[in-house]
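Analysis of the macromolecular model
Residues per chain, in single letters:
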Amino acid sequence: MIAIQSLSKRYDNDQYGLNDVSLAIDQGEFVFLVGPSGSGKTTLFNVLHGRECPSAGRAQVLAYELTRLRVDQLPILRRDVGMIFQDYKLLPRRTVYENIAFVLQVLHYKRRRIHQLVHQVLDLVGLTNKAHAYPRALSGGEQQRICIARAIVHQPRILLADEPTGNLDPDTAWDIMQLLGKINQRKTTIIVATHDWRIVNKMRRRVVRLMNGTVMSDTIMGHYA
Ligand SMILES: Nc1ncnc2c1ncn2[C@@H]1O[C@H](COP(=O)(O)OP(=O)(O)O)[C@@H](O)[C@H]1O
Ligand SMILES: [Mg+2]
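Here's a quick rundown of the structure. Treat the numbers as computed from the prediction; the structure is a model and nothing was measured.

What follows covers the site of ligand 1. By nearness alone, every residue bordering ligand 1 is listed as Tyr11, Asn13, Gln15, Gly17, Gly35, Ser37, Gly38, Ser39, Gly40, Lys41, Thr42 and Thr43. Counting residues per element, the shell around ligand 1 draws most heavily on helix 1 (residues 41-48), which supplies 3 residues. A class-by-class count of the residues in the shell around ligand 1 yields 1 nonpolar, 10 polar and 1 charged.

Next up on the list: the sheet that holds strand 9 (residues 206-211). One open sheet accounts for 6 strands, arranged 6-7-8-3-9-10; its pairing is mixed. Looking at the sheet topology across the chains shown, the edges are occupied by strand 6 (81-84) and strand 10 (214-219). Each neighbouring strand pair of the sheet contributes to a mean axis angle of 20°, computed without reference to strand direction. Summarising the sheet, strand 3 (residues 30-34) and strand 9 pair through 4 bridges and their orientation is parallel. Residue Val31 lies in a different strand from strand 9, and its bridge partner there is Arg206. Against the sheet, helix 1 touches strand 3, strand 6, strand 7 (158-162), strand 8 (189-193) and strand 9, its axis set at about 150° to strand 7. Along the sheet, helix 6 (residues 170-185) contacts strand 3, strand 7 and strand 8; its crossing angle with strand 8, the most-contacted strand, is approximately 155°.

This part is about the pairing of strand 10. Pairing of strand 9 with strand 10 involves 5 bridges; the strand directions are antiparallel. If you follow Val207 over to strand 10, its bridge partner there is Thr219. Counting the residues in the hairpin turn of strand 9 and strand 10 gives 2 residues, including Asn212, whose phi is positive at 45°.

In the sheet, strand 1 (residues 2-10) pairs with strand 4 (residues 56-61) via 5 bridges, with the strands oriented antiparallel. Pairing of Ile4 across the sheet is with Ala59, part of strand 4. With 2 bridges joining them, strand 4 and strand 5 (residues 64-65) adopt antiparallel strand pairing. Counted as the bridge partner of Val61 is Tyr64 from strand 5. Here strand 4 hands over to strand 5 after 2 residues, with Leu62 in that stretch at a positive phi of 50°.

All right, on to the packing of helix 3 (residues 96-106) against helix 4 (residues 111-125) then. Helices that pack against each other are described as a pair by the angle of their axes relative to one another and the distance between those axes. Close contact between helix 3 and helix 4 brings their axes to 10 Å; oriented N to C, the two are set at 130°. By the angle between their axes, helix 3 is oblique relative to helix 4. Crossing of helix 3 against helix 4: the hand is right-handed. For the pair helix 3 and helix 4, contact is made by Tyr97, Ile100, Ala101, Leu104 and Gln105 and by Ile114, Leu117, Val118 and Val121, respectively. When the residues that make up the contact of helix 3 with helix 4 are grouped by side-chain class, the tally is 8 nonpolar, 1 polar and no charged.

Basis of the calculations
- Here the residue index of a chain counts from 1 through its sequence in written order.
- A letter from A marks each chain and a number from 1 marks each ligand, given out in the order of writing.
- Owing to the predicted nature of the model, reporting of local features is limited to residues with pLDDT of at least 70; listing and counting of side-chain atom pairs is limited to 80 or more, with chain, interface and lining totals taken over all residues.
- Working rule for contacts: place C-beta from the backbone, and if it is within 6 Å of a molecule or strand, that residue counts as near it.
- Going along the chain from the N terminus, every DSSP run of H or I of four or more residues is numbered as a helix, and every run of E of two or more is numbered as a strand.
- Only Asp, Glu, Lys and Arg are considered charged in this grouping, and only Ala, Val, Leu, Ile, Met, Phe, Trp, Tyr, Cys and Pro are considered nonpolar; every other residue, Gly among them, is considered polar.
- Note on pairing: two strands pair once DSSP finds at least 2 bridges between them.
- Fitted lines through C-alpha atoms serve as axes, helices being fitted only where they are in contact, and the angles separating the N-to-C directions of these axes extend from 0 to 180 degrees.
- It is the C-beta atoms, placed from the backbone, that decide contacts: two residues are in contact if theirs lie within 7 Å.
- Oblique is the label for any angle not covered by the other classes, which are roughly parallel (under 35 degrees), roughly antiparallel (over 145) and roughly perpendicular (65 to 115).
- Crossing chirality is assigned from the near helix's rotation relative to the far helix, an anticlockwise turn below a right angle marking it left-handed and a clockwise turn marking it right-handed.

Next up, the structure:
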């Protein structure tokens, strides 16, 4: 599903975001991507989401070879790859419903289908009663749930979550991680970048550790100390 070989990303200032990374992730996996700030987690996500072009190596995501991705293929890639950001990036003047529906409008879904999918996903994240609220009226945890809803409403096969619990208290963070686990059970492949070693150690999933843009370890049911 994701096959990365000797992938490097060098920025214009000669800084390496990724340096010779090789990694294979199967359909339906749940993987933690850990490592200190500046180790390349966001860079890897940006490459997988088609926001940054790799400098060397190969990166196959589903049917797409990212080193040869054309600009007109980006929307198609992003239909299959959803991304959640640490800062919520919700549209402040749109309601929760509108924030989520927007994704489907861009993809030209029909009104009735939009209504159906948005309500399904709000039910999944447990926020049906907030459909007509504005983002500023929601707690941090609720805003992150809406971001998750928005990232999966079009049913992508891969979900990338970049430090999704970075701004949340431990209990709320744990709830969000449980929600990601539930989404994973619906066969969505999930990669979560995080510093939160408590959550990583509690979840006992695969852990890929980055350091200076390089994979230092990759363990099944891993620990992060
Ligand atoms: N747009 C950019 N331009 C130049 N260097 C960058 C850019 N983005 C990230 N970097 C560098 O790439 C390295 C990896 O950064 P990043 O992927 O953001 O790490 P992480 O998400 O693990 O904190 C860092 O050394 C960072 O300074
Ligand atoms: Mg980052």
